[in-house]
Every structure is written in C-alpha cells, then in structure tokens.
Amino acid sequence: MSKINFLAIFISVFTSSAIFAQDQYSYRGFDAPVSVTQYGGYFYLSNAGERDNRYVKNGNGYISRVKSDGSQENVTMKYITGLNSPHGICALQGKLYICDVDHVVGIDLQSKKKIFELNFSGEGTKQLTGIVAADNNTLYVSATDIDAIYKVDIGKQAFERWMETVSPTTMLINNNKMYVTSFGTDSLPNGKLGVIDMLKETYQQLGDYEGYLWGLALDGQKLYFCDWVTFGNRGVIRWLNLESGDSGQVKLTTRMGGPADFIYDSRNDVFIVPALLEGVVYGAIGFK
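Let me begin by describing the structure that accompanies this report. Computed from a predicted model, the values in this text were never measured in an experiment.

What counts, and where the lines are drawn
Residues numbered from 1 in each chain as written. Predicted model: local features only at pLDDT ≥ 70, side-chain atom pairs only at ≥ 80, totals over all residues. Heavy atoms only, no water. Helix = DSSP H or I, 4+ residues; strand = E, 2+ residues; numbered from the N terminus. Buried < 20%, exposed > 50% of the residue type's maximum accessible area, 1.4 Å probe, protein only. Contact = heavy atoms within 4.5 Å. Areas by Shrake-Rupley, 256 points an atom, 1.4 Å probe, with all protein chains shown as cover. Phe/Tyr/Trp six-rings, centres within 6.5 Å; stacked < 30°, edge-to-face > 60°. Lys NZ or Arg CZ within 6 Å of the ring centre and 35° of its normal. Pairing = 2+ DSSP bridges. Axes fitted to C-alpha atoms, helices over the stretch in contact; angles between N-to-C directions. Disulfide = S-S within 2.5 Å.

1. Concerning the overall build of the protein chain
Across its full length, the protein chain holds one helix and 25 strands. Across the 288 residues of the protein chain, 54% fall into the buried class. Restricting to contacts in the protein chain with at least 6 residues of sequence separation, those with at least 24 account for 44%. About 12100 Å² of surface is accessible on the protein chain, with carbon and sulfur atoms providing 43% of the total.

2. Describing the packing of aromatic side chains
For the structure on display, the rule yields 19 aromatic pairs. An angle of 85° between the planes, with centres 4.9 Å apart, marks the rings of Phe183 and Trp228 as edge-to-face. Residue Phe183 is found in the loop between strand 16 (177-182) and strand 17 (191-197), and its partner Trp228 is found in the loop between strand 20 (222-227) and strand 21 (236-241); the two are separated by 45 residues along the sequence. Through pairs of rings, three or more aromatic residues link up here, namely Phe183, Tyr212, Trp214, Trp228 and Phe231. Taking NZ or CZ as reference, Lys78 lies 5.1 Å from the ring centre of Tyr62, over its face.

3. Thoughts on the sheet that holds strand 19 (residues 213-219)
Read from one edge to the other, the open sheet built from four strands follows the order 19-20-21-22, with strand pairing classed as antiparallel. A single partner strand is all that each edge strand has here, and the edge strands are strand 19 and strand 22 (247-249). With strand direction ignored, the average angle separating the axes of adjacent strands in the sheet is 25°. The pairing of strand 19 with strand 20 spans six bridges and is classified as antiparallel. Within the sheet, the bridge partner assigned to Ala217 lies in strand 20 and is Tyr224.

4. What to know about the state of the cysteines
This structure, assessed with the given rule, holds zero disulfides. The structure places no disulfide on Cys90, whose sulfur is separated from the nearest cysteine sulfur, that of Cys99, by 9.2 Å. Residue classification places Cys90 among the buried positions, given a relative accessible area of 9%. The exposure class assigned to Cys99 is buried, which follows from its relative accessible area of 0%.

Laid out in structure tokens, this is it:
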C-alpha cells in the first residue's frame, strides 16, 4: 500500500477536521478510540465509548472498520456493537479478540457473532487493557489495575495469571521477548518501558524514561511507544534503540490527547494513532 493510497483511504472515509502539516492528519468523530489493528484488508478500531465512563458496562462501546486496499469504501463506524468499553484488540485467524472491561471476547469477523468469551471478574480486575497473540492458540492480556499479565489458552477457553508487573498497558512479542509499557501508579507519570524474557519469565526495565506509557511498535532495533505526558493534548511518540540505547522523540507536528495502542507501517513510514482523550485518530507519514 502506497502512502498516497493510505491517505486517500482515510481522507475519503473520515471527515478531516484539520490538516496540521503536509504529512499529518486528524480524523474526528470517534468515541474514545483506544486500539487499532490491521487484518484481511481492513483496519479495525476499538471505541471505548464516553471518555469519562471508560471501563463501565454501559453497552456503548463498538468496533469500527475501514477498508485498507484503496477501494474508497466508506467506513463502517459501528461494525461490531454490543460491547461495553473495548480496549486492546487482536486479530487472529478470522477472529477479533477484544479486551472489554473484565471479559475477553472473540468475534468472528465475517458473521460478527461472538464465538469466545472469558470472564476475569473473579480476578478483581476492571481494566483489561492490552492483548497480544503469541501463536494461533495463545493470547496474553494485561490487567492494568491489578498489575498482572494473563496467559490465555483459546482452545481450552482458560487463563492463568502469568506475570506480575506494574500497571501494564500494551505488550509486543518478538523472538521470545515481550516488550511491555506501563501507565504508572497513583496517577503519576512514572510508568516504565520493560522487557520480559518469556522463557525465563523475568522482567527487566529498558532505559530510564518514565511517563504515562501506552502502545508499542518495533522497526528493526527501534522500539516505538507513546507517552501521554499529561492528561491533556500533550502526548508524543518516543523511540528507544534496543541495540545502542539511544532514544528520542518522533518529530510530529502536533501533540496528541491520550495516544494509545497505535500501529506503525515501517515500509511506508506510516503511524496510525488513536488519541483516546480527543476522540481522534491521527495519521502521520514520513517522519523517520
């Protein structure tokens, strides 16, 4: 997919409220967008509902879908409904697995029917936030409010508490390593970036940067992550070189309100970033 096609798709299916620069765009009209993923020619985006009522079981959450092949198909804003406050999403074998308050649900992407559900309420969590697939039968889910990461067996429809780590948000798996962002404790910007050796099940902090951290993408040795900075429109995308230890900030032309679980297309140098606090999805290209 070329950069031109990518921008044409998003310009055609969303109302562009502002163009901040030649290479950065914002698309409004969402309800606390949290997580975006790409699967089978589509982008899927979770909407948690009313911003001040996240993690509430009010039935206002939904999943949006937009075609990603340049055909100019209009966005289906409420492609999957009947959810409460969907956060992390993961597409796997034609299913979309969704963190929804204290449940993980699986939805068939063609029929839009629920085919999987696990109830985590007995664990005392109300903030299942991130989800990632290790293989076709194994998911990992972060419970931010109880400092835990769970391992899910899809076939057995069972889970186990796998690792303890402070306020985990997003996870990314590469070569038996799980990279993890943390949102911090006591409403303070003291969240950290870390890595778990999945074979030894040991955690190590990466760098000394702290903030309200969420979202991960890996491009070679460069690990990208978001930082809210404050609970306003001050959020940024940062990076850490895992080999050299060098770090920096992506040179976007505007700050974002609550950047969350984004994706990065390294081939086309494209970021797609849900900004939860603004109800906005940002598209940005050409910032390497």
